[in-house]
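Here are the chains, one letter per residue:
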Amino acid sequence: MKKSILFMFIISIFGILIGCQNEDTSVEPNDTEQEQEEEAGEVGEAEEELVIVGQEIAVSLNTMEPLTASYLRSIGAAEALFEVNADGEVEPSLAKSITQIDDTTWEIELRPDAQFWSGKVIDAHAVIASLERSKEEDLQALPFLEELAFHEVDETTIRVETLRERVPVPLNLSYYQTAIQNVEAEQDSIDTMDLTGMYKVVEFIPKQKMVLEINENYWGEQPTIKTVIHREISDEQTRLMSVLEGSSHIGLNIPVTSLDQLEQNENVGISATPAANTQTIYLNLDQPQLQDVKVRQALSWALNREELVILAAEGHSTPVTTWLGSNPVFEEAKNAVYDKFDADQAARLLDEAGWELESDGLRYKDEQLLTLNLRTWGGDKALGEALQNQWTQVGIQVEVQHGDYSLIQTARESGEWDATIEAWSTFGSPLSLLEGQFSPEGSANYGGYDDPETNDLLTQLSEASDDEESHELALKVNERVAEQAAVISLFPRPQITAVHHSVHGFEDHFRQFEHIVHAGLSLKDGE
């Protein structure tokens, strides 16, 4: 007998990082940041135009590229079958409903009136084709799709079969990289791309500007704002001033150091919804000095996380020592393994690993200096400098390179990196998240971690018979990874959004990067 399911996942978490591949479809000359601000005009001059500024915007229109779908989804251009609301509940979006048939079978009913931008009907065949492409071509989507098999029942019905019991199918299909696209269309230019959102891209300059207008074929509630402009302003202070001075309506990725300026401005509000992600140092385990687990453990023991929160997050976070520790569901993991700052323990481990402290305050082994190259991007410059200072105190020579996220991607592809910082969300299915981070094939397993004990625990987690067993096994995986110091966990990354008071209907959301633009937004001058 079929049973309807209500999915409630209430969790407080922060949003995450963004990085994309380059694909230049520009047909216009570049704008300077000053020209961008002048073109945007003053808030209230064009009430039908919403201007959003961010640290980065898309460099591609292809949703198969890393995180491109998150940009498109956040500004109303792309949709998944389901979405997670601000209370943590999974709700139908492009789908009309979902019913669980048994422990491994679900049926999704599509909206019969839904169309792509082009007017092509969004039927079961089109949706399955999109999801299969994501499964095949998108490594970030793979952990959420690889356990799912899709079958067309009729034009508006899809049967989903799972490889194991209790797979949270609606939650998996709410992930931003599962956005539905028309696979029959090329997704490489504004003239050929074909998505489903309430706004359609009409102009695009990679890493500079994206302009969107209302999609007249949209199946749902039509938005009231005619045009959305998404601009990249990489400089933090310039981005902040664009909101304070009224040349933009919403400023994303505002640094915590700017909170005082925001609080003193009566025309701008602050959104800083608590969330669960983990600011994480990923280590390249192919590097000789990092292949020794004692060196990696020393790097973690040497960190004063409370000081890092003060120096790098202005106190607007709390320390965590394991990756799942930022998720309130796994509160007991918050201070597991590395339960205190212990520089003496770090020094002992480095001594045991053969790295001797010399008179110059640095450590050597076989006449080789112990070095670490740390790459940072976005708002993590201060964090990188704080890490450099703390590791130097135990004799490690640290070089910090701060730059665009694409430089980190290039370094990873070449293998020429030691450590990088990112913050992935810990919200969702523990198995999908942990496999994505720590299985040998995981899309976020940047350092190449491959530990037999961890792999065995992940297999046990995939076969767990109930939620209690699943929870305990997830904690064991999390603890094993921390003990092996495959990554080093620090604290949840703060996410601050500045919203001009002329914007009405803005919704605070723990996945804010997915939920900026929606049909309920409106602009009213002088209110």
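Visitor: Give a description of the overall build of the protein that names residues and reports values.
Guide: When you go through the protein residue by residue, the secondary structure sums to 15 helices and 24 strands. Taking 2.2 N^0.38 as the reference for a compact globule, 527 residues should give roughly 24 Å; the C-alpha atoms of the protein span a radius of gyration of 23 Å, in line with that estimate. Among the 527 residues that make up the protein, the fraction classed as buried is 58%. Pairs at least 24 residues apart make up 72% of the contacts formed inside the protein by residues separated by at least 6 positions.

Visitor: Mind laying out the pairing of strand S14 (residues 277-283), listing which residues take part and the relevant values?
Guide: Most of S14 is tucked away, with seven of its seven residues classed as buried. Residues of S14 alternate between two faces, with Asn277, Gln279, Ile281 and Leu283 on one and Thr278, Thr280 and Tyr282 on the opposite face, all of them buried. Bridge analysis of S14 against strand S20 (residues 419-425) gives seven bridges, and the strand direction is antiparallel. In the sheet register, asparagine 277 faces S20, and the bridge partner there is serine 425. Bridging between S14 and strand S21 (residues 487-491) involves four bridges; their strand directions are antiparallel. Within the sheet, the bridge partner assigned to tyrosine 282 lies in S21 and is valine 487.

Visitor: Give me the lowdown on the pattern of salt bridges, citing residues and values where you can.
Guide: Applying the stated criterion across every chain yields a total of 16 salt bridges. Measuring nitrogen to oxygen at the nearest pair gives 3.8 Å for the salt bridge that ties glutamate 109 to lysine 96. Here glutamate 109 is found in strand S6 (residues 105-110), whereas its partner lysine 96 is found in strand S5 (residues 95-102), with 13 residues between them in sequence. Among the residues examined, lysine 96 registers a relative accessible area of 43% and is labelled partly exposed.

Visitor: I'd like to hear about unusual backbone geometry, residue by residue, with values.
Guide: If you check the backbone angles, asparagine 253 has positive phi at about 55° while not being a glycine. Structurally, asparagine 253 is set in the loop between strand S12 (250-251) and helix H7 (259-263). Note on asparagine 253: relative accessible area 35%, which makes it partly exposed. Here valine 337, not a glycine, exhibits a phi torsion of approximately 70°, which is positive. Note on placement: valine 337 falls in the loop between helix H9 (305-313) and helix H10 (343-352). Residue classification places valine 337 among the partly exposed residues on the basis of a relative accessible area of 27%.

Visitor: With reference to specific residues and values, describe the environment of isoleucine 180.
Guide: Along the polypeptide, isoleucine 180 turns up in the loop between helix H5 (169-172) and strand S9 (199-205). Overall, isoleucine 180 belongs to the buried group, its relative accessible area being 0%. With near-sequence residues (within four places) excluded, isoleucine 180 lies in contact with Glu79, Leu81, Leu94, Phe116, Val127, Ser130, Leu131, Leu195 and Thr196.

Visitor: Can you explain the sheet that holds strand S17 (residues 368-369)? Please cite residues and give values.
Guide: Overall, antiparallel pairing links the three strands, which are arranged S15-S16-S17 in an open sheet. In the strand order of this sheet, the two ends are held by strand S15 (356-357) and S17, each with one partner. The sheet contact formed by S15 and strand S16 (residues 363-365) spans two bridges and is antiparallel. Residue pairing in the sheet places leucine 357 in a bridge with arginine 363 of S16.

Visitor: Please provide a residue-by-residue account of the sheet that holds S14, values included.
Guide: Read across the open sheet, the five strands follow the order S19-S18-S20-S14-S21; overall the sheet is mixed. Of all the strands in the sheet, the pair left with one neighbour each is strand S19 (397-403) and S21. Taken over all neighbouring pairs, the strand axes of this sheet differ in orientation by 30° on average, direction set aside. Across the face of the sheet, helix H8 (residues 293-301) comes into contact with S14, strand S18 (371-377) and S21 while running at roughly 5° to S21.

Visitor: Outline the pairing of strand S11 (residues 227-232), supporting the account with residue identities and numerical values.
Guide: In terms of burial, S11 is a largely internal element, six of the six residues being buried. Across six bridges, strand S2 (residues 49-54) lies against S11 in parallel orientation. Paired with isoleucine 52 across the two strands is histidine 230, which belongs to S11. Pairing geometry for strand S10 (residues 209-214) and S11, over five bridges, is antiparallel. Bridge pairing in S11 places lysine 209 opposite arginine 231.

Visitor: How would you explain H9 if you had to name every residue and give the values?
Guide: Three or more residues of H9 are buried, namely Arg305, Leu308, Val309, Ala312 and Ala313. Down the axis of H9, the sector holding all buried residues measures 100°, keeping them to one side. Opposite the buried face of H9, by more than 90 degrees, sit the exposed residues Glu306 and Ile310. Check the buried side of H9 and you find it contacts H8, helix H11 (381-392) and S21. Put simply, asparagine 304 is the residue that caps the front of H9, since its side-chain oxygen is 3.3 Å from the backbone nitrogen of glutamate 306. Phi turns positive one or two residues past the end of H9, at glutamate 314, with a value near 55°.

Visitor: Go over the nonpolar core with me, naming the residues and quoting the values.
Guide: Inside soluble globular proteins, nonpolar side chains tend to come together where they are buried. Counting 67 residues, the largest nonpolar core has Ile281, Leu387, Trp391, Ile396, Leu434 and Leu490 as the members making the most contacts within it. If one sorts the elements of this core by residue count, helix H15 (residues 467-484) sits on top with six residues. Once residues lying within four places of it in the same chain are set aside, the contact partners of tryptophan 391 are Ile281, Leu299, Ala302, Leu303, Leu372, Leu374, Ile396, Val398 and Ile488. Core analysis: the second largest hydrophobic core is formed by 65 residues, Leu50, Ala69, Val201 and Leu523 among them.

Visitor: Can you tell me about the packing of aromatic side chains, naming the residues and giving the values?
Guide: This structure, assessed with the given rule, holds nine aromatic pairs. Taking the centre distance of 5.1 Å and the plane angle of 45° together, the rings of tyrosine 218 and tryptophan 219 count as tilted. Across the pair, tryptophan 219 and tyrosine 218 agree in class, each one buried. Their ring planes at 65° and their centres at 4.9 Å tell us that tryptophan 377 and tyrosine 405 sit as a pair that is edge-to-face. Of this pair, tryptophan 377 sits in strand S18 while tyrosine 405 is found in helix H12 (residues 405-414), placing the two residues 28 residues apart along the sequence. With relative accessibility at 5%, the residue tryptophan 377 sits in the buried group. Residue class for tyrosine 405 comes out buried when judged on its relative accessible area of 4%.

Visitor: So what's going on with the confidence of the model for the protein? Which residues, and what values?
Guide: This prediction gives the protein a mean pLDDT of 88; 90% of its residues lie at or above 70. A low-confidence stretch, residues 1-46 (pLDDT under 50), is modelled with 159 contacts involving residues beyond four sequence positions or located in other chains.

Calculation rules
Along each chain, numbering runs from 1 in the same order as the chain's sequence is written. In keeping with the model being predicted, local features are shown solely for residues with a pLDDT of at least 70 and side-chain atom pairs are shown and tallied solely at 80 or more, while totals for entire chains, interfaces and linings include all residues. Derived side-chain values reflect all non-hydrogen atoms in the structure, with water molecules and hydrogen atoms excluded from consideration. A run of H or I in DSSP counts as a helix once it spans at least four residues, and a run of E counts as a strand once it spans at least two, with each numbered from the N terminus. For this measure, only C-alpha atoms enter the radius of gyration; the expected value for a globule follows 2.2 Å times N^0.38, where N is the number of residues. Think of it in three bands: residues with accessible area under 20% of the maximum for their type are buried, residues over 50% are exposed, and the middle band is partly exposed, with areas taken using a 1.4 Å probe on protein chains only. Every residue pair with non-hydrogen atoms within 4.5 Å of one another is taken to be in contact. Here, strands pair whenever DSSP counts at least two bridges between them. When a carboxyl oxygen of Asp or Glu is within 4 Å of a side-chain nitrogen of Lys or Arg, the pair counts as a salt bridge. A fitted line through C-alpha atoms serves as each axis, taken over the contacting stretch for helices, and the angle formed by two N-to-C directions is quoted from 0 to 180°. The arc in question is traced by the directions running from the helix axis to the C-beta atoms. Each polar contact in these results corresponds to two N or O atoms within 3.5 Å; when the atoms are within protein, one needs to be able to donate a hydrogen and the other to accept it, and residues that are neighboring in sequence are counted only if both atoms are side-chain atoms. Residues grouped as a nonpolar core are buried Ala, Val, Leu, Ile, Met, Phe, Trp, Tyr and Cys residues, joined through side-chain atoms within 4.5 Å. Put simply, two rings from Phe, Tyr or Trp (the six-membered ring, in Trp's case) pair if the centres are within 6.5 Å, and we call them stacked under 30 degrees between planes, edge-to-face over 60, tilted for the rest. Every residue gets a pLDDT, meaning the predictor's confidence in that residue, from 0 to 100.

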